[in-house]
Amino acid sequence: MATLKDFRDERIRKLNELRAIGIDPYPAKSYRTVSIKELIDDYAGAEDKSVNVVGRVVSIRSFGKLAFIVIDDSTAQIQLFIKSDTLSPLNTEKGHIGMEQLKLLDTGDFIGATGTVGKSKTGEISVFTESIRILTKALRPLPGRDGFTNKEERLRRRYVDMAVNPEVRERFLRRSKFWTATRDFLNQHGFIEINTPVLEHTTGGADANPFVTRMEALDQDFYLRISQELPLKRLIGGGYERVYDIGPRFRNEGMDEEHLPEHIAMESYAAYQDYRDGMKLYEAMIKYVAKETWGTLQFNNGDMQVDLDCEWPVIAYADLMKEKFNIDVFNPDAEQLKNILREHNMKFDDNASASRLLDYVWKIIRRSSAGPFWLIHEPVEISPLAKKYADDPRVTERFHPIIFGTEMGNGYSELNDPLDQLERFQEQQALRDAGDAEAQMMDEDFVEMLEYGMPPTCGWGNSERNFWLLEGVSAREGVPFPPMRKDSEQ
């Protein structure tokens, strides 16, 4: 049985033969005049016209003086109809290969073909080929779809996965549409995109453990951002009214079906809005992005079905915790919370704070909730950057959309009282000093910004987890190149 080495050796032999006869197997120019999809979609306008198409060789059938090659340029596939009496002979000056050199081609190679558009006797749209140039000689054969099903191998060699599985390529086109639609919606609503630093002296805006790196130029350690929140709010303090940032953020934590340490996220801030305004705006945004990306507002994920095409209910955090587990979130009983977590086989730190235990219990409820609905009014203790609710200062003006068992976003009326913010930072820093690596850091510069004044503001953030869930894939399947343990055999 032939091995990969055997196939590779044979292709290298062909590569050397091409070079020996004066053909460059890796030229820079391709001369394409039309994509295959454009040609097929406008066949009436292309028929009998000369075109130059390019693509990867999918199949080769040769019958002496007649050959058929199917190529794929990622937009579509087309057949090259090749006859020995109409194909130009070997021409090293132009890089053309003749009928005799077709045997030096393999599936996976990239070629260019010039010819006339027409239909074969079977009615198949074809390019009746007059010349062929090799554009790239592939030294490894692509596996068949049925032979490339190991999940770890697919994720590790994603370029192969994309090459043999068109649906994977389509997924990342939708991922691009997802973020394009997000930008379009925000731009249409008066927001401007301003990129914020990835490297920070003090990182904050979320409960997360940061990555640490070293900047040699300043001889100091920096954190990779866990959120874009605090720099964007500094922009609001600086006089901008509506800003957003889309880019990577980093959280040095575990990986699961919904989380990756590195992922793309968006955060936006609008001055002179509160959380009620935010719920209306971002419900409309989620619906707009879903419609633009997938063309529907109805989705399935596992056993859950979701219809976003409705006015989403609004439910208070305290009411939901009381209803599900008879928990008083304003006077939490740590032992009650721990017992609930044990009953549901949830892992937790026995020394965790009551607010952290509340968050773990909430996750039990959340994971069984298909939604959509808005969760509002989380307690102050678990919302260190949100403004207190005027009618009940025990809770905050915070809002989450719950869809497919997860929080598909996080927003609140931003805390702009500098003394209140300082006190909450101090409480978070005390938790951090006590060993809670995810508690927020003291950020004195941010407090100073608030002392100069920041107007009433509504903030919002969501990550590409929204894309993964609506696409119906895991986190690692939902990004082109997921983090993998280094392959020592590679």
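Note that the structure is a prediction, hence the values are computed from the model and not measured.

## Considerations on the overall build of the protein
Piece 1. The helix and strand tally for the protein stands at 14 helices and 22 strands.
Piece 2. Among the 490 residues that make up the protein, the fraction classed as buried is 50%.
Piece 3. Taking as baseline every contact in the protein between residues at least 6 positions apart, the subset at least 24 positions apart corresponds to 65%.
Piece 4. Of the side chains in the protein, 63 bear a positive and 82 a negative charge, and the two mean positions are spaced by 8 Å.

## Looking at the side chain of asparagine 466
Piece 1. As for its placement among the helices and strands, asparagine 466 is situated in helix α14 (residues 465-471).
Piece 2. There is a polar contact of 3.1 Å between the side chain of asparagine 466 and the backbone oxygen of methionine 408.
Piece 3. Excluding residues that lie within four positions of it along the chain, asparagine 466 makes contacts with Phe178 and Met408.

## Regarding the pairing of strand β18 (residues 392-396)
Piece 1. Judged from the two bridges that link them, strand β17 (residues 388-389) and β18 form a sheet pairing that is antiparallel. Paired with tyrosine 389 across the bridge in β18 is aspartate 392.

## Thoughts on the pattern of salt bridges
Piece 1. This structure, assessed with the given rule, holds 34 salt bridges.
Piece 2. In this structure, aspartate 443 and arginine 234 form a salt bridge, with 3.1 Å as the shortest nitrogen-oxygen distance. Of this pair, aspartate 443 sits in the loop between α12 (418-433) and α13 (444-452) while arginine 234 sits in helix α7 (residues 229-237), placing them 209 residues apart in sequence.
Piece 3. For aspartate 443, a relative accessible area of 6% translates into the label buried.
Piece 4. On the accessibility criterion, arginine 234 (25% relative accessible area) is partly exposed.
Piece 5. As a salt-bridge pair, arginine 234 and aspartate 445 come within 2.9 Å of each other at their nearest N and O atoms. Taken together, the positions of arginine 234 in helix α7 and aspartate 445 in helix α13 put the pair 211 residues apart, joining distant regions of the chain.

## With respect to the packing of α7 against α13
Piece 1. Between α7 and α13, whose axes approach to 10 Å, the crossing angle comes to 20°. It follows that α7 is roughly parallel to α13 by the angle criterion. Like other packed secondary-structure pairs, α7 and α13 cross with a definite hand, here left-handed. Together, Leu230, Lys233, Arg234 and Gly237 of α7 and Asp445, Phe446 and Met449 of α13 make up the contact between the two elements.
Piece 2. Of the residues belonging to the contact of α7 with α13, the class tally is three nonpolar, one polar and three charged.

## Brief notes about the nonpolar core
Piece 1. Of all hydrophobic cores here, the largest spans 40 residues; its most connected members are Leu186, Tyr282, Met285, Leu308, Phe399 and Trp460.
Piece 2. Mapped by element, the contributors of at least two residues to this core are α6 (166-188), β11 (242-250), β12 (262-271), α8 (275-294), β16 (373-376), β19 (398-403), β22 (457-463) and α14.
Piece 3. At nine residues, α8 tops the list of elements feeding residues into this core.
Piece 4. Here leucine 308 is in contact with Ile286, Lys287, Ala290, Leu297, Phe299, Pro372 and Ile403, once residues within four sequence places are set aside.
Piece 5. Val53, Ile69, Leu80 and Ala113 belong to the second-largest nonpolar core, a separate cluster that totals 29 residues.

## Structural notes on the sheet that holds strand β10 (residues 220-224)
Piece 1. Overall, antiparallel pairing links the three strands, which are arranged β8-β10-β9 in an open sheet. Among the strands making up the open sheet, the edge pair consists of β8 (199-200) and β9 (212-215).
Piece 2. Here four bridges tie β9 to β10, and the two strands are oriented antiparallel to one another. Paired with arginine 214 across the two strands is aspartate 221, which belongs to β10.

What counts as what
Residues numbered from 1 in each chain as written. Predicted model: local features only at pLDDT ≥ 70, side-chain atom pairs only at ≥ 80, totals over all residues. Heavy atoms only, no water. Helix = DSSP H or I, 4+ residues; strand = E, 2+ residues; numbered from the N terminus. Buried < 20%, exposed > 50% of the residue type's maximum accessible area, 1.4 Å probe, protein only. Contact = heavy atoms within 4.5 Å. Lys, Arg positive; Asp, Glu negative; His and termini not counted. Charge placed at Lys NZ, Arg CZ, Asp CG, Glu CD. Polar contact = N/O pair within 3.5 Å; in protein donor to acceptor, adjacent residues only side chain to side chain. Pairing = 2+ DSSP bridges. Salt bridge = Lys/Arg side-chain N within 4 Å of Asp/Glu carboxyl O. Axes fitted to C-alpha atoms, helices over the stretch in contact; angles between N-to-C directions. Parallel < 35°, antiparallel > 145°, perpendicular 65-115°, else oblique. Left-handed = near helix turned anticlockwise from the far one by under 90°. Nonpolar A, V, L, I, M, F, W, Y, C, P; charged D, E, K, R; others polar. Core = buried A, V, L, I, M, F, W, Y, C linked by side-chain atoms within 4.5 Å.

None of this, on its own, says anything about what the molecule does.
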